[in-house]
Amino acid sequence: MTTRRWGALAATAAVALGLAACGSDAGNTGSGGDGGDSGGGSGLKVGIKFDQPGMGLKKGTEYSGMDVDVATYIAKELGTEAGDIQWVQAPSAQRETLISTGQVDIVVATYSITDARKEKVSFAGPYFVAGQDLLVRADDSSVTGPDALDGKKLCSVTGSTSAQNVKEDVPGVQLQEFATYSECLPALANGGVDALTTDDTILAGYASQEEYKGKFKVVGQPFSEERYGVGLKKGDTALCEKVNAAITKMVTDGAWQKAIDDNLGPAGYKPGAGNPPTPDACS
Amino acid sequence: MGEIGDILAKYDVLAAFGMTVYLTVFSAVGALLLGTVLAIMRVSPVGVLRSLGAFYVNTVRNTPLTLILVFCSLGVFFILQLNLEPASSPTFLRDNAIRWAIVGLAAYHAAFVCEALRSGVNTVPAGQAEAARSIGLTFGQSLREVILPQAFRGAIAPLGSVLIALTKNTTVASIVSVSEASALMKVIIENETAGTAVFLVFAIGFVVLTLPVGMLFTTLSRRLAVKR
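All of these numbers come straight from a predicted model, not from anything done at the bench.

Here is what the cut-offs are and how they apply
Residues numbered from 1 in each chain as written. Chains lettered and ligands numbered in written order. Predicted model: local features only at pLDDT ≥ 70, side-chain atom pairs only at ≥ 80, totals over all residues. Heavy atoms only, no water. Contact = heavy atoms within 4.5 Å. Buried area = accessible area lost by both parts, 1.4 Å probe. Salt bridge = Lys/Arg side-chain N within 4 Å of Asp/Glu carboxyl O. Polar contact = N/O pair within 3.5 Å; in protein donor to acceptor, adjacent residues only side chain to side chain. Pairing = 2+ DSSP bridges. Helix = DSSP H or I, 4+ residues; strand = E, 2+ residues; numbered from the N terminus. Buried < 20%, exposed > 50% of the residue type's maximum accessible area, 1.4 Å probe, protein only. Right-handed = clockwise from strand over helix to strand, strands pointing away. Phe/Tyr/Trp six-rings, centres within 6.5 Å; stacked < 30°, edge-to-face > 60°. Lys NZ or Arg CZ within 6 Å of the ring centre and 35° of its normal. Axes fitted to C-alpha atoms, helices over the stretch in contact; angles between N-to-C directions.

1. Quick look at the interface of chain B and chain A
Working step 1: At the junction of the two partners, chain B supplies 29 residues and chain A supplies 34 residues.
Working step 2: Between chain B and chain A, roughly 2900 Å² of surface is buried when both sides are summed, and carbon and sulfur atoms account for 62% of that area.
Working step 3: When the buried area of chain B at its contact with chain A is split by residue, B:I79, B:L93 and B:E190 rank highest and sum to 22% of it.
Working step 4: At the junction of chain B with chain A, the criterion picks out one salt bridge.
Working step 5: A salt bridge links B:E190 to A:R117; the nearest nitrogen and oxygen atoms lie 3.4 Å apart.
Working step 6: Put simply, chain B and chain A have nine residue pairs in polar contact (both at pLDDT 80 or more) between them.

2. A closer look at the sheet that holds strand β3 (residues 56-59) of chain A
Residues and elements named next belong to chain A.
Working step 1: Ordered in space as β2-β3-β4, the three strands form an open sheet in which the pairing is antiparallel. In this open sheet, the two edge strands, each paired with only one partner strand, are β2 (51-52) and β4 (62-64).
Working step 2: In the sheet, β3 pairs with β4 via three bridges, with the strands oriented antiparallel. Across the sheet, L57 pairs through a bridge with S64, a residue of β4.

3. Describing the pairing of strand β10 (residues 174-178) of chain A
Working step 1: The element β10(A) is extensively covered by neighbouring structure, given that five of its five residues are classed as buried.
Working step 2: With helix α5 (residues 161-169) of chain A bridging strand β9 (residues 153-157) of chain A and its parallel neighbour β10(A), the resulting β-α-β unit is right-handed.

4. Here's the deal with the packing of aromatic side chains
Residue and element names in this part refer to chain A.
Working step 1: Throughout the structure, instances matching the rule amount to 15 aromatic pairs over all chains.
Working step 2: Taken together, the aromatic side chains of Y127, F128, Y228 and W256 make up a single cluster linked through ring pairs.
Working step 3: Positioned above the aromatic ring of Y73, the side-chain terminus of K76 is 4.9 Å from the ring centre.

5. A look at the sheet that holds strand β12 (residues 216-218) of chain A
Working step 1: Pairing is mixed across the open sheet formed by five strands, whose spatial order is β10-β9-β11-β8-β12 (chain A). The open sheet is flanked by β10 and β12 of chain A, the only strands paired with a single partner. Strand-to-strand, the axes of this sheet are offset by a mean angle of 30°, without reference to chain direction.
Working step 2: Across five bridges, the pairing between strand β8 (residues 132-137) of chain A and strand β11 (residues 195-199) of chain A is antiparallel. Bridge assignment links A:D133 to a residue of β11(A), and that residue is A:T198.
Working step 3: Contacting β8, β9, β10, β11 and β12 of chain A, helix α6 (residues 181-190) of chain A runs over the sheet at an angle of about 150° to β11(A).
Working step 4: Relative to the sheet, helix α5 (residues 92-122) of chain B contacts β9 and β10 of chain A, its axis offset from that of β10(A) by approximately 35°.

6. Brief notes about the side chain of B:E190
Working step 1: Along the chain, the position of B:E190 falls in helix α9 (residues 181-192).
Working step 2: Looking at B:E190, its side chain comes within polar contact range of the side chain of A:T161, at 2.5 Å.
Working step 3: Apart from the residues within four sequence positions on either side, B:E190 is in contact with A:R117, A:G159, A:S160, A:T161 and A:Q164.

So, in structure tokens, the structure goes:
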């Protein structure tokens, strides 16, 4: 047993503890949001991810990421100053529920527009087009795209669309599914898995994290199209029009490009084809 | 309720619950064995064993199951690289995930089995142990022939509760890559969005699994308890 392994083990324990902390954090946030609501503030309630560096990340009381910047811009256009926004954690599985029960006004949380989701909520946007890609160790040149995954070990999140896509296209791949992408990273660094798959934006965010800088690279061959939209209450076309106008304005006045450069630039990320997108018509 | 029909037609719900049952059965056997050993340690006349048993129970019982399973998967399997299936296997990750999840679940629930059994030991009057020792039985013999058989019969009801808790706790294994019921639920929520139908399918699934177990153990505890 080498010292390095024990060190890595200690790091894992820290990750696991962090997970536990996240769990309790989520509970606090829910009640905190409710409390703020009864205060009668006019603040917009925005659902974001709290655990995705580069897109939506909560560090202490600070929120950062592309989704946060987009949401802040939209909120300003809707008449809510940045300080008055109530941020609510919106994990993937709870996004529809949060919207339909009115716990949030809009959701800006790497929320891909799909037909199944359109039956429950309405979307404004898209404000960004991402694609599914692979993250590999910087010194690994054997994984060049999804076709090279046969017989390799791939990490993703339980139930995610990314994992399902690969399982269908490359049956020979061995899939490890954790609760969050954060747990995939130590396994990838350690050689336990060969690649991590999800949207390239999220991968770029992880690759540019301080502790993993230079260790990982994004393969850069997107093999799907994820159109990130702003989730709204179903049928709220008035709000949808306003959000679309805000997105269009954000693209034309340069704030959109700045948000990408600020949040995903450090990883050398360049937006793929279809960006900047034109928002769909509201229905 | 056409939505429920759609879900059942489109997804292999039965296979997912099959994995839940598989995890439950193997973890239950492991937990029963380890829990019995722990219970014996905790009632043994050797001080060191008693302290060790108490330490294990207090540590494991008060650690979140999520933490234990993530530790088994990420810590022991991925970082210490202890494999329960040869690396050449085409289902290397899948089998290791299932086996390490069983180890984690068994280790966690053994603490509860131990305490259930210890409560069973407490139902045996002290006079029985004294009588067993006075006719010349050793500690091991009196435990095997006199105390434990009665303790198990007295502990059936709490053991049933542990088994029901274990059945439901297997859902935590979805976060370490075991495709059991709650992992399929996450897939369905991702594809179809969350709805009452999804909730109902899985809630009913678990009730179907746990309700008969509860009824069986209640009946058993009534029929098998030592009449005093």
